[in-house]
Amino acid sequence: MGGKVSCTLGEVKNRADLIVYWGGNPAECHPRHFTKYSLMPKGRFVPNGRKDRTMILVDIRETASAKAADIFLQVRPAKDFEMITVLRALIKEQPVDTKLVAETGLTLEELTDFAQRLKKAKFGVFFFGMGLSMTRGKHMNSAALLTLAAELNAFTKFVAMPMRGHGNVTGGDVIMRWTTGYPFGVNLARGYPRFNPGEYSTIDLLIRGDTDAVLVLGADPGATMPQPAIDHMVRVPTIVLDPKVTHTSKIARVHITTAVTGISAPGTAYRMDEIPLPLKPPLKSPYPTDEEVIRRIYQAVAKKPPLMPPVRPKVPRV
Amino acid sequence: MSQTIFTLKQRPDVPLEAEVLTPDVVASLSHGEVASLPLFMGKRQFRVDDFFEVNGSGTDNLVFHGDCGRVKWIGRAMSHGRITFSSHAGMHLGAYMKGGIIKVGGDASDWVGGEMSGGLIHIHGHAGGQTGAAYRGSMKGMKGGTILIEGSAGIELGMRMRRGLIAVRGPVRDFAGLQMKGGTILLMSGAEIRTGAWMVRGTIISLKPLKMMPTFSAGCVYNPNFLRLYTKSLAEHGFTTPVDAWHGVYRRYTGDTSVPGKGEILVWSGPAH
Amino acid sequence: MLRITGGKVYDPANGVNGVIRDVCIQDGRIVADVEAGRTINATGMVVFPGGVDVHTHVAGAALNFARAMIPEDHLHSEPFVRTAIRRGGISGATPTTYVTGYLYGGLGYTTVNEAAVPILSARHTHEELRDTPIVDKSTCVLMANNEILLDQLEAGETERARHFLAWCVGAAKAYGVKAVNPGGVTAWKWGKDANTLYELVPGYNKITPAGIIQSLARIVDDLGLPHPLHLHCNNLGVPGNYATTLETLKLVESNRAHIAHIQYHAYGGNDWTTMRSESTRIADYFNAHPNLTADAGAVLFGNTVTITADGPWQHLLYKLTGRKWGNIDVENETGCGVVPYVYKEKNLVNAIQWAVGLEMLLLISDPWRMSLTTDHPNGAAFWRYPEIIELLMNADFRREQIKKLPPKVLERIILPELTREYTLYEIAIITSAGPARSLGLRQKGHLGIGADADVAVFNDIKEARKMFAYPRYVIKGGEVVIEEGEVRKTVEGHSLLTQPFHDPKIADFIRPLFQQYYTMSFDNYPVEMERLEHPDVQPCTQANS
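Residues numbered from 1 in each chain as written. Chains lettered and ligands numbered in written order. Predicted model: local features only at pLDDT ≥ 70, side-chain atom pairs only at ≥ 80, totals over all residues. Heavy atoms only, no water.

Enquirer: Where do I start with the interface of chain C and chain A in this structure?
Expert: Often the size quoted for an interface is simply the accessible area lost on bringing the parts together. Taken together, the 58 residues of chain C in the interface contact 54 residues of chain A. Interface area for chain C against chain A, summed over the two sides, is near 4,800 Å², with a carbon-plus-sulfur share of 52%. Between chain C and chain A we count six salt bridges in total. The shortest N-O distance in the salt bridge between arginine 44 of chain A and aspartate 151 of chain C comes to 2.6 Å. Along the contact surface separating chain C from chain A lie 32 residue pairs in polar contact (both at pLDDT 80 or more). Per element, the largest residue contribution to the side of chain C that touches chain A is seven residues, and it comes from strand β20 (residues 324-330) of chain C. For the side of chain C that touches chain A, a count of residues per class yields 20 nonpolar, 20 polar and 18 charged. Bridge count between strand β1 (residues 2-7) of chain A and β20 of chain C: six bridges; the pairing is parallel. (Contact = heavy atoms within 4.5 Å. Buried area = accessible area lost by both parts, 1.4 Å probe. Salt bridge = Lys/Arg side-chain N within 4 Å of Asp/Glu carboxyl O. Polar contact = N/O pair within 3.5 Å; in protein donor to acceptor, adjacent residues only side chain to side chain. Helix = DSSP H or I, 4+ residues; strand = E, 2+ residues; numbered from the N terminus. Nonpolar A, V, L, I, M, F, W, Y, C, P; charged D, E, K, R; others polar. Pairing = 2+ DSSP bridges.)

And the structure:
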């Protein structure tokens, strides 16, 4: 059924001879990715660096990253899932419909060649961006690419990794997992964690108007989320913890200015490959850290009488 | 027939969780006991009568009046009896259901009949996403029973379903029959894209042309006899189907070859000669 | 101050076998007597030293990866509803960190050894362990596929290899050293495995798995680490692997070694259809060689998730199950695979695995050298230990269980012939005194004067399953944390670590290599001591060789 087959970025640096970026534009969005991890570095088993590697870019348009690529494959918008599914069939030498394949924007010959390159790589990697994970099909597009990577291991070594952005989103995901068992979309209202993306994920909660307050930490949903979600944040008490004025802080009922993590507050950031990096602040800040603010809010709330009786029914098991 | 009637006093701002409102729990309780069952709203615990006016007791026939579109988990794991909604029903309606009947006059939300194994759910309005689907990470969706939808349905209809029947009169969105492992889906107004993606086994029947995945192989055109059996059983539930559909010929596709799977998609291609 | 009075005390390290006597506690230590304070009346109960788990996976990148992979298991596992004392979370195959602490405490366990930590993500492991209450924690750092170390062995630089390894233990803030499928994980990075001990490791011209094993066992002993080399042998789980295991045991004849989850390494046969138990051969060799300790890695039927640094095995298991597969290779150091798995009673292979785990526990005659584990969560979740204790203490119950297996299994196993029943004294050894000794933790696993006041009090009843699943009292560091099966207080545990001697100049040697092969700054590599919760450095016997 697939899964997730990944590695730390140093493995890519030292071993990868085939690098595929899919639905992402690292040249502009992750400018150090080529030079530090993927394309340029001379690695232990790819001693000539760029010369020992092939880069393929799959995207709906020729972005700045295409210049760095050896091969650019232009997929039609919202045809990624079909394209990946065809590749899954081709690596197993299963039949596909030539005419329908052409609707992906790529010919069967191009895709067959791509499938061969994937299988022949010594160590291949897919890096995928929001062009894949946030377009029609969303989580199933990511699942498709992760499954393709897993299946390629029947022929060679292959891994896949999301190109995550926006500060420490990986760190949030990692810590949610060890405290609740789930990476995101967690509901703690019943006193224990429950998980259901689509039901409990932030954007869905806001669009449906399921919450009666919003606490925003290290994010600016007011700049990125659809209008109905923003409207809900305006409607209910919204509290923002942020060092700067943001789109969200402008619509918030309360904005608490905090120290900048990594510059004036210590902590840990998890890199996109889940390697923890210590943050050693060079400066001091007159503002409290996010952690301190949350701790103080928590202490104040803890003094209030509990909302729940001491023994609470759980959702029965089936 | 006696009924226990729940009338919603006001539409809740934050969704209510009401997994206790099933015939299995309610049937043996007195009126007072039913009224004091716990409901949850966010992290606060309430009583049933904080939100519902309750009339009657001691039956496994529950009736809901008012817009219950924000009341989740009604009919969870029910094994017998009947639930009727005069208006809308909320998420996870009849999830894990084993038997009995649920009828919804209005719309239902996401996860209708999630991982259900028996019984009947009949929605007269529209249904949300993940109808009859597997919960996240789970290997098997619906394992039995019937879901009938008169309106439209959302994404991932019958995802990973194993057995049972889902019939939808209105249009269906993406990924109908995603990773399907068995059972039957009837699409009377077709579906958007990626129908039957990654299916292993099972049957999807469409009375309208479908946008096929490239990983399906077109086969013969024929009239599958078994469809007449479905006509009969659907008609018994008051779910009518056009006569043409059952006497027509169908193009048979098999796939999804990427898995590789042996599922079949039958697309109506005209009345029988 | 606390006195536990009237209980039957089992303290094998001090030769106390079911004697009614008082156990007194002051300032977190066992003392001869106390003047005042609370008295717990333990009449009709038994008193054990707190449990010690020598091999478990409870924290870090691999386990946390597994958590994300099995939401369906979480959904059907026992939820822990938050109370004023206790945080919310979930149980199941991969409990959340807080719940891990509550569950271990709830079994009377007070010390755990997280058995697989890469240096590169050790900071993550320690962050999780900080969020794991009640228990004290030690960790083993993964070294057998570390490419800088292998390069030194290839070059014959054994002295430098020793300093490098010692530096790594210090950098990871680890307690011991673990070797997983030596050479095999390195090979896996090219999609290959190391199936024989004398083949060259891919990418090297001199070193073999055998060479890596011998070098590591020697280095660990030379450094005087309190815990011997923690060894996960090659060919885990593969039919016929007992031969590899026996060869491996011979390789470490002149050193100490701890053989992890020995159950997974005691199979005969040529393939899955001819697989059989070879527990007798392994146990015979083991019994005659006192340099060895082991833990069981027993299997129980049911749902779980398998997690190991043994990447090639996990890919094989994925192909066998056709379900989900997770894998993370860690640059230059190790890898890890995750596959959800169900052990089925009616499955021939699973039934043999179940039997072999019990056979190893019953055939290894010296309980001091054999610890109870399930290689959590690989064989079963740790909170199912009481089921294994029942199987060990009650031969009739065992026979009943054997009857449920497919009849074909009976000719492949020897379990039906084994009549040994564990005594309470022996259970106290395999769950506490033995693993503490194997880990070299002098403060743990006993109730002598000066020991850490970690105590478990159980009802003295016939059914071991119930007795050990619900301790009446658990005391950690002198505090009553569990009472009548409920968490009453959550204390913070200590981080147990060692700092073996290394030439300080070794860092100058590592730095340029690190900058060449790794992708982070060398200065960010070692875990800072202040990130550990109550660090507690344990001595090495060779302070500065």
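Enquirer: Which parts of the structure should I look at to understand the interface of chain B and chain A?
Expert: In this assembly, 46 residues from chain B lie in contact with 47 residues from chain A. In total, chain B and chain A occlude about 3,800 Å² of area from one another, counting both sides; carbon and sulfur atoms represent 57% of this. It is Arg194, Trp198 and Pro214 of chain B in chain B that bury the most area against chain A; as a group they hold 18% of the surface buried on that side. At the junction of chain B and chain A, the tally comes to nine salt bridges. One salt bridge in this structure joins glutamate 199 of chain A and lysine 72 of chain B, with 2.7 Å as the shortest N-O distance.

Enquirer: Mind showing me how you'd approach the domain arrangement of chain A here?
Expert: When the domains of chain A are assigned, the result is domain 1 (9-162) and domain 2 (169-302). The distance between the C-alpha centroids of domain 1 of chain A and domain 2 of chain A comes to 32 Å. (Domains from an automatic or database assignment.)

Enquirer: Can you help me understand the side chain of threonine 180 of chain A in this one?
Expert: Note on placement: threonine 180 of chain A falls in helix α9 (residues 169-180). At 2.6 Å, the side chain of threonine 180 of chain A and the backbone oxygen of methionine 176 of chain A are in polar contact. Engagement of the side chain of threonine 180 of chain A in a polar contact is seen with the backbone nitrogen of tyrosine 182 of chain A, the distance being 3.2 Å. Other than its neighbours up to four places away in sequence, threonine 180 of chain A contacts Val186, Leu188 and Pro193 of chain A together with Ile90 and Thr96 of chain C.

Enquirer: What am I meant to see in the sheet that holds strand β10 (residues 238-241) of chain A here?
Expert: Two orientations exist for strands paired in a sheet by backbone hydrogen bonds: parallel and antiparallel. All names here are of chain A. With parallel pairing, the three strands of this open sheet are ordered in space as β9-β10-β11. Strands at the two margins of the open sheet, each flanked by one partner only, are β9 (214-217) and β11 (254-256). Looking at each pair of strands side by side, their axes are set apart by 15° on average, direction ignored. Pairing analysis gives three bridges linking β10 to β11, with the strands arranged parallel. Along β11, the bridge assignment pairs leucine 241 with isoleucine 256. (Axes fitted to C-alpha atoms, helices over the stretch in contact; angles between N-to-C directions.)

Enquirer: Just checking my understanding: could you explain the pairing of strand β10 (residues 120-123) of chain B for this structure?
Expert: The two faces of the sheet receive side chains in turn, since in a regular strand these alternate between them. Residues and elements named next belong to chain B. Where burial is concerned, the two faces of β10 agree: the one with Leu120 and His122 and the one with Ile121 and Ile123 are both buried. For strand β9 (residues 101-104) and β10, the ladder comprises four bridges, and the chain directions are parallel. Following the sheet pairing, lysine 103 is matched in β10 by histidine 122. Pairing analysis gives four bridges linking β10 to strand β11 (residues 146-149), with the strands arranged parallel. Bridge assignment links isoleucine 123 to a residue of β11, and that residue is isoleucine 149. (Buried < 20%, exposed > 50% of the residue type's maximum accessible area, 1.4 Å probe, protein only.)

Enquirer: Could you clarify how one ought to interpret the packing of helix α5 (residues 147-154) of chain C against helix α17 (residues 506-517) of chain C in this entry?
Expert: Residue and element names in this part refer to chain C. For the pair α5 and α17, the least separation of the axes is 11 Å and the interaxial angle reads 120°. If you check the angle between α5 and α17, you find them oblique. With respect to the hand of their crossing, α5 and α17 are arranged in right-handed fashion. Judged by residue contacts, Ile148, Asp151 and Gln152 of α5 engage Phe509, Leu513 and Tyr517 from α17. Residue classes in the contact of α5 with α17 are distributed as four nonpolar, one polar and one charged. (Parallel < 35°, antiparallel > 145°, perpendicular 65-115°, else oblique. Left-handed = near helix turned anticlockwise from the far one by under 90°.)

Enquirer: Even after reading the chapter, I still don't get the packing of aromatic side chains, so can you show me in this structure?
Expert: Both the distance between ring centres and the angle between the ring planes are used here to describe each pair of aromatic rings. Residue and element names in this part refer to chain A. This model, assessed by the stated rule, comprises 35 aromatic pairs over all chains. Relative to phenylalanine 34, the ring of tyrosine 21 lies with its centre 5.4 Å away and its plane at 80°, an arrangement referred to as edge-to-face. Here phenylalanine 34 lies in helix α3 (residues 33-38) and tyrosine 21 lies in strand β2 (residues 18-22), a separation of 13 residues in the sequence. Accessibility expressed as a relative area gives 1% for tyrosine 21, which makes it buried. (Phe/Tyr/Trp six-rings, centres within 6.5 Å; stacked < 30°, edge-to-face > 60°.)

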